[in-house]
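Residues per chain are reported as follows:
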Amino acid sequence: MIVLKNKKELGIMREAGKISARALKLAGEAVEPGVSTKQIDDIVRKYIISQGAKPSFLGYNNYPASACISLNSEVIHGIPSSSRILKSGDIVSIDVGAEFNNYHGDNAWTFACGDISKENQDLLNITRESLYQAIKISQINNRIGDISHTVEQYVESRGYSVVRDFVGHGIGTHLHEEPSVPNYGKPGHGARLCAGMTIAIEPMINIGTHEVKILDDDWTVVTRDNKNSAHFEHTIAITENGPVILTDPS
Ligand code: MF3
Ligand code: CO
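Described below are features of the structure shown in this document. (Residues numbered from 1 in each chain as written. Chains lettered and ligands numbered in written order. Predicted model: local features only at pLDDT ≥ 70, side-chain atom pairs only at ≥ 80, totals over all residues. Heavy atoms only, no water.)

Lining the immediate environment of ligand 1, one finds Phe57, Tyr60, Tyr63, Cys68, His77, Asp95, Asp106, His169, His176, Glu202, Trp219 and Glu233. Contacts to ligand 1 include Asp95, whose side-chain N or O atom sits 2.6 Å from a nitrogen atom. Note that an oxygen atom of ligand 1 is positioned 2.9 Å from one of the side-chain N or O atoms of Glu202. In isolation ligand 1 has 330 Å² of accessible area, and contact with the protein removes 95% of it. Of the residues belonging to the shell around ligand 1, the class tally is five nonpolar, three polar and four charged. (Near = heavy atom within 4 Å. Polar contact = N/O pair within 3.5 Å; in protein donor to acceptor, adjacent residues only side chain to side chain. Areas by Shrake-Rupley, 256 points an atom, 1.4 Å probe, with all protein chains shown as cover. Nonpolar A, V, L, I, M, F, W, Y, C, P; charged D, E, K, R; others polar.)

Position of Ala200 relative to the elements: it lies in strand E9 (residues 198–201). Of the residues examined, Ala200 reaches a relative accessible area of 0% and is grouped as buried. Sequence-distant contacts of Ala200, defined by excluding residues within four places in its chain, comprise Asp106, Gly168, His169, Ile171, Val181, Glu233, His234 and Thr235. (Helix = DSSP H or I, 4+ residues; strand = E, 2+ residues; numbered from the N terminus. Buried < 20%, exposed > 50% of the residue type's maximum accessible area, 1.4 Å probe, protein only. Contact = heavy atoms within 4.5 Å.)

All right, on to the pattern of salt bridges then. When the charged atoms of two side chains lie near each other, side chains of opposite charge can form a pair. Scanning the model with the defined rule gives ten salt bridges in all. Linking Arg84 and Glu74 is a salt bridge whose minimum nitrogen-to-oxygen distance equals 2.9 Å. Placement of the pair is Arg84 in the loop between strand E3 (74–76) and strand E4 (91–100) and Glu74 in strand E3, with a sequence separation of ten residues. Overall, the relative accessible area of 9% leaves Glu74 in the buried class. Residues participating in the shared-partner salt-bridge network are Lys38, Asp41, Asp42 and Arg45. (Salt bridge = Lys/Arg side-chain N within 4 Å of Asp/Glu carboxyl O.)

Within strand E5 (residues 103–112), eight of the ten residues are buried, which leaves the element mostly enclosed by the surrounding structure. Of the pairings in the sheet, the one linking E4 to E5 comprises ten bridges and is antiparallel in character. Bridged to Phe100 within E5 is Tyr103. Taken together, E4 and the strand that follows it, E5, pair antiparallel across an intervening segment of two residues, in which Asn101 is found at a positive phi of about 50 degrees. (Pairing = 2+ DSSP bridges.)

Bringing the nonpolar core into the picture now. Formed by 26 residues in total, the largest nonpolar core has its most connected members in Leu123, Ile147, Val155, Tyr160, Ile199, Ile201 and Ile205. For this core, the secondary structure elements donating two or more residues are helix H3 (118–136), helix H4 (144–156), E9 and strand E14 (234–239). In terms of residue count, the dominant contributor to this core is H3 (six residues). Setting aside its immediate chain neighbours within four residues, Leu123 contacts Ile91, Tyr160, Ile205, Asn206, Ile207, Asn228, Ser229 and Ala230. Core analysis: the second largest hydrophobic core is formed by 22 residues, Ile19, Ala27, Ala30 and Ile40 among them. (Core = buried A, V, L, I, M, F, W, Y, C linked by side-chain atoms within 4.5 Å.)

One pass over the structure, following the stated rule, counts two aromatic pairs. Consider the rings of Tyr63 and Trp219, whose centres lie 4.9 Å apart with planes at 80 degrees: the pair is edge-to-face. Taken together, the residues Tyr63 in the loop between strand E1 (54–55) and strand E2 (67–71) and Trp219 in the loop between strand E11 (212–214) and strand E12 (221–223) connect sequence positions 156 residues apart. The pair formed by Tyr63 and Trp219 is uniform in burial state, with each residue classed as buried. Ring geometry for Trp109 against Phe232: centres 4.8 Å apart, planes inclined by 75 degrees, an arrangement best described as edge-to-face. (Phe/Tyr/Trp six-rings, centres within 6.5 Å; stacked < 30°, edge-to-face > 60°.)

Structural data, given as structure tokens:
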């Protein structure tokens, strides 16, 4: 069942989204050589709590931290650690969620640490743009498949591959709600978009194979060929006036 949100609920989700986005922004500003991923997680947790919100991920399915921080060939769900030290050239995917007044915001961004290669910069640019193209198509009466196809077509036509084992999702009083929002699919298929739907769109895009595996920590998702991956995510609302990005820091 897809739960639609009314104006008041969307107002709360905007607050949750703003807190999530500001936490992610602070995390990104902390990315520099020599910093541990645990230090960044601490910044995220403290900021979210300071705003009267709760880190959505902490304790979710026993996840042990507030942010997921995934480096280079890690796709998603990297667990922050004091022994993981960022170095120049790394690409750093940070995923942050906050729960405020019972509603969640969820967003992610891949940041450059110091100077990164052109290959990595291109990956970041293409993945970020695929998200914004997907948001643009998120209009009433379009379908989930139009979002999925937009991401797939945008990145595959440029030689990149789409992770298929993990998908975007509806979001609201639960971090994960219906519908699933895959980053691959057929235009004109899937649920019809309507006013009050709130979804997290989150392309996970690889330079090499789309295939991934989960490490022995039972969380970290990495590419099978060890080539790099990027992840960008926004929580959006579908409205009469078009898509609204809820995870906007401003
Ligand atoms: N943004 C991710 C998602 O949509 C974060 C969940 S990770 C977990 O599922 F740690 F909370 F499990
Ligand atoms: Co998400």
